[in-house]
Amino acid sequence: MIDRRDFCKKALLIAGGMAIPLSALELFDPKRLLAEKNDPSPTRWAFLVDTHKCVGCGFCVKACKIENEIPYDANVTRTWVERYIVARDGKTYIDSPKGGRDGFTTPKIDQGVEHQTEVRNEDIEKAFFVPKLCNQCDNPPCVQVCPVGATYQTADGVVLVDRSWCIGCGYCIMGCPYGVRFFHPVYHVAEKCNFCYHRISKGMKTACVDACPFGARRIGNLKNPNDPVTKVIMTERVGVLKEEYGTKPQVFYVGLSREVK
Amino acid sequence: MKSHVWRPLYIVLGVIVLVMLAKAILVPKDFGIGERGYMYGWHRKGNEADWKAVKVKYKTMDYCKECHQDKYDDLRQSPHAAIQCENCHGPALDHPDDPPTLTIDRHRDLCIRCHARLPYNGSGRGAIRGITPETHHPEAECVLCHYPHNPKLEAKR
Amino acid sequence: MVHGEAWTIKEFFCYPNEYIYWTIQIVMYPFMTGLVAGAFVLSSLYHVFGVKQLKEIARFSLVFSFALLPVAMMPLMLHLQQPQRGIEVMMTPHFTSAIAAFGIVFTTYALIVASEIWFVYRAYFVETATTLGEKRERGLWEGILYLIYRILIMGAWDISHEAREKDEKAVKILAGIGIPVACFLHGYAGFIFGSVKANALWMTPLMPVIFICSAVVSGIALCIVTYTVTMELRKMISARKRQQKPWLPSTDELKSAEVQVVTMTSKYLLMFLVLAITLEILDLVFRGYTALKSWDILRSVIYDKDFFKIFVLQYGCGNALPFVLLLLPRLSLKRVVFCSLLVLMGVFMMRWNVVIGGQAFSSSFAGFMEYRLPIWPETMELFKEGLFGAMFVAITPFVLFFGITRILPVFNLKDSH
């Protein structure tokens, strides 16, 4: 029989023996240490959407599709604009025909299956537009579920897709609660908004931010306290989408409403 | 260990060696754990540069004004000041080298993106002067009467 | 055309990029892996737990499980947008993803099943190869067989009593390891769905367990059906042969053995069926009772849009009806087979209702999507994700099984396994 002292001794020995190789791994992985100790990147991109300012012109969607080479007539888009109409009877109508690419030019609301409805002006309690794009989450579930490491987050917080490595399983599309991902109609791999990584890394703004005439979309660097966007996010009341999923979205909204999905 | 029972194990070892070999050949050399750790940063480093190398198509107003200062000045004075040239004229790309001319889109669709009347109080849209496209001179291009670079100077037309 | 547009119909508000991306092939994937796992568990009941009555069906289901193995991978290859890159799952696995371990788990399982079969059949290989080797003149087919067996033996020609005892022990151990691995392989398919937090219908910790139970159910059911059909065919053949060789076993002898095996197996079917139904109902009750944010849309999918598929086809015809039929007295062979077919349909509908049902509503909770199964394969995409692609996957295991049994006969072997 094994007595208590013996047991304790052996347990300690085994635990210690297992801890040494593990801690060695920690010690001798300089990249990891660097990443944890001093911040590797001076930048953390974040986005600010002011829904009060959006008028639903759709110039952002048009610019995005052309800038990022998403076939113009394909029914997928990296960014889109949703229209919310809350009627007096409490019903909420939402639509985003072609992602809002051609703007909202009619009071008719697209209800799918080639069906349209209309709320009379006097019956509208409130109505507004909400632009959507990738939230570049701090805990991106889409990245977590990629089986091959084809999608990843850069040091400055942008989630990218490696078109030469994606196997097209669609798990990331399923994993995103915001529905921002889709299959690229030409390359047949997962595709998503990447804050126009080629523009922001050159000091430009994203195509959608540049295209917005109303200042409803802004992009900024959260790690720069003097950035005007960061100031708004830090000092004013902002919301995020679907916080309950624990994804920590980095697209912040001014003027969110409970109807927004 | 001489027993025949271990024979299938040789196959297993063979499979493992094969996978290792394939790994050595097929996995790009720059594949590894990035700044965001294994969970969020497991990727091919070279891909970041691939994305940065994507061509910029929308060059913004600053690019346009280098040659078209007059149009730029006109626009700056108008309620349309915040609208980028490229919103209506399309992306500059490498204009004037490629393409040498940008198409001038005079279609009503461009204007009614904002000016189709939708009285939505919850957004800026309600405050924009709008028309009902079906009844407001449906046959005509807006630019016949309105000067897009400065709609205040309608008399110009 | 955007991937998914051809078969998705949207109603009310869905996000612009939402389509039914996971279609019939992803229904086939858990269905097929379920059959693999179930067939293996059935064979292990004999090998590990020594359920003697299952001896005859045990070897059958083991080989059948082996034939189903490559087919479990087929739907995935047909589903991937870049199937040629599928190997990357082994090259740069990202283990935080539930799919990443697929390659490893699948290969491990395949190796276990293959080695178990090797131990079961080794003595047969050696005997056959020896007989063939002694033959002066071999036909072409015999020559090929002789070569195949010699390779398969891998130099282990020893079939002394001790060696064969070792084989038996190895089979027992492998079958023992195989059960948890088979359960893992399939519970893991359940985890792929259950861990998607973005999908309100999928996300439940019960998903892996539900998947395992329904997997075992479907695997047993398919073994019963295939076993009975094969036995019927053999009876027909032997009846014809008996006209020339009257000493062969008579049809009645074959039949009594068959009825006993099948009714015994159906008891296990019943057991796992009860477990599967209990868990599924528990899941449903729990969702209704806790009524989270997503319940409004889930309710309209479950009780309205998919009512026929869930309550009539899956629970009614697929679970309740065979349950009652199997419990009624004087169980006949025909009734067991009929019930097994119903159960198979029920499990298939369960997969359908999970995979397609989980995409029947938008993650905005404000709209619905309907899946129209593409029938006529006008393009490669419509073939792969349509009726014909699914049929292709469903037929392959039987073709493979036929091929494999040319080398590994599953009937009339007189060894001890």
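Residues numbered from 1 in each chain as written. Chains lettered and ligands numbered in written order. Predicted model: local features only at pLDDT ≥ 70, side-chain atom pairs only at ≥ 80, totals over all residues.

Whenever I open this one, the overall build of chain B confuses me. Can you help?
For chain B, the count of helices and strands is seven helices and two strands. Over its C-alpha atoms chain B spans a radius of gyration of 30 Å, topping by over 25% the 15 Å that the globule rule assigns to 157 residues. With the C-alpha coordinates aligned to their principal axes, the bounding extent of chain B is approximately 100 × 40 × 30 Å. Across the 157 residues that make up chain B, the buried fraction comes to 22%. Sequence separation of 24 or more characterises 38% of the internal contacts of chain B that already satisfy a separation of 6 or more. (Helix = DSSP H or I, 4+ residues; strand = E, 2+ residues; numbered from the N terminus. Rg over C-alpha atoms; globule rule 2.2 N^0.38 Å. Buried ≥ 20, exposed ≤ 12 C-beta atoms within 10 Å, placed from the backbone. Contact = placed C-beta atoms within 7 Å.)

Sorry if this is basic, but what is going on with the domain arrangement of chain C here?
Interfaces are often sized by the amount of accessible area the parts lose when they come together. Residue and element names in this part refer to chain C. For chain C, the assigned domains read domain 1 (24-195 + 380-411) and domain 2 (208-355). Using only C-alpha atoms to locate each centre, domain 1 and domain 2 end up separated by 22 Å. At the level of elements, helix H1 (24-47), helix H2 (55-79) and helix H6 (161-194) are the ones that each hand at least two residues to the side of domain 1 that touches domain 2. For the side of domain 1 that touches domain 2, the leading source of residues is H1, giving twelve residues. Residue composition of the side of domain 1 that touches domain 2, by class: 19 nonpolar, eight polar and one charged. (Domains from an automatic or database assignment. Nonpolar A, V, L, I, M, F, W, Y, C, P; charged D, E, K, R; others polar.)

When you look at H1 of chain C in this model, what are you seeing that I'm missing?
For H1 of chain C, which comprises 24 residues, the first-to-last C-alpha distance of 35 Å matches the rise-based estimate of 34 Å (1.5 Å per residue) to within 8%. Burial runs high along H1 of chain C: 24 of the 24 residues are buried. (Expected span 1.5 Å × (residues − 1).)

Help me understand the packing of H1 of chain C against helix H7 (residues 207-242) of chain C, please; the structure alone is not making it clear to me.
When two helices pack together, their arrangement is given by the angle between the helix axes and the distance between those axes. Residues and elements named next belong to chain C. At a closest axis distance of 6 Å, the pairing of H1 and H7 adopts a crossing angle of 70°. Our classification of the angle between H1 and H7 gives roughly perpendicular. Listed contacts from H7 to Pro 30, Phe 31, Gly 34, Leu 35, Ala 37, Gly 38, Ala 39, Val 41 and Leu 42 of H1 are Phe 211, Ser 214, Ala 215, Val 216, Val 217, Ser 218, Gly 219, Ile 220, Leu 222 and Cys 223. The class makeup of the residues in the contact of H1 with H7 is 14 nonpolar, five polar and no charged. (Axes fitted to C-alpha atoms, helices over the stretch in contact; angles between N-to-C directions. Parallel < 35°, antiparallel > 145°, perpendicular 65-115°, else oblique.)

When you look at the sheet that holds strand S3 (residues 92-95) of chain A in this model, what are you seeing that I'm missing?
Through backbone hydrogen bonds, the strands of a sheet pair up, either in parallel or in antiparallel fashion. All names here are of chain A. If you trace the three strands from one edge of the open sheet to the other, you get S3-S2-S6, paired in antiparallel fashion. Lying at the two open borders of the sheet, with one neighbouring strand each, are S3 and strand S6 (124-132). Each neighbouring strand pair of the sheet contributes to a mean axis angle of 15°, computed without reference to strand direction. Note: strand S2 (residues 80-87) against S3, four bridges, orientation antiparallel. Pairing of Tyr 84 across the sheet is with Ile 94, part of S3. (Pairing = 2+ DSSP bridges.)

Where do I start with the nonpolar core in this structure?
Buried together is how nonpolar side chains tend to be arranged in soluble globular proteins. Ranked by size, the top nonpolar core spans 212 residues in total, and within it Met 32, Leu 68, Val 217 and Cys 223 of chain C carry the most contacts. Setting aside residues up to four positions removed in sequence, Leu 68 of chain C forms contacts with Met 32, Leu 35, Val 36, Ala 39 and Pro 397 of chain C. (Core = buried A, V, L, I, M, F, W, Y, C linked by C-beta atoms within 7 Å.)

Any chance you could explain the interface of chain A and chain B here in plain terms?
Counting residues at the interface gives 49 residues for chain A and 41 residues for chain B. Tallied by class, the residues present in the side of chain A that touches chain B amount to 25 nonpolar, 16 polar and eight charged.

How do you make sense of the interface of chain A and chain C when you look at a structure like this?
Facing the 41 residues of chain A at the interface are 39 residues of chain C. Mapped onto the side of chain A that touches chain C, the elements with two or more residues apiece are S3, helix H4 (141-144), helix H5 (171-175) and strand S9 (182-183) of chain A. Of all the elements, H5 of chain A adds the most residues to the side of chain A that touches chain C, at four residues. Among the residues making up the side of chain A that touches chain C, the classes are represented as 25 nonpolar, 13 polar and three charged.

Which parts of the structure should I look at to understand the sheet that holds strand S11 (residues 217-221) of chain A?
All names here are of chain A. One open sheet accounts for three strands, arranged S11-S1-S12; its pairing is mixed. Both outer strands of the open sheet, S11 and strand S12 (251-254), are each paired with one neighbouring strand and no more. Along the sheet, successive strands turn relative to each other by an average axial angle of 25°, direction set aside. One ladder, built from four bridges, connects strand S1 (residues 45-50) with S12; its direction is parallel. By the bridge assignment for S12, Val 49 is matched with Tyr 253.

How should I be thinking about the pairing of S11 of chain A in this particular structure?
If a strand is regular, its side chains alternate between the two faces of the sheet. Residue and element names in this part refer to chain A. Among the five residues in S11, four count as buried, and that is most of the element. In this sheet, S11 lies alongside S1 in antiparallel orientation, the contact comprising five bridges. Counted as the bridge partner of Val 49 is Arg 217 from S11.

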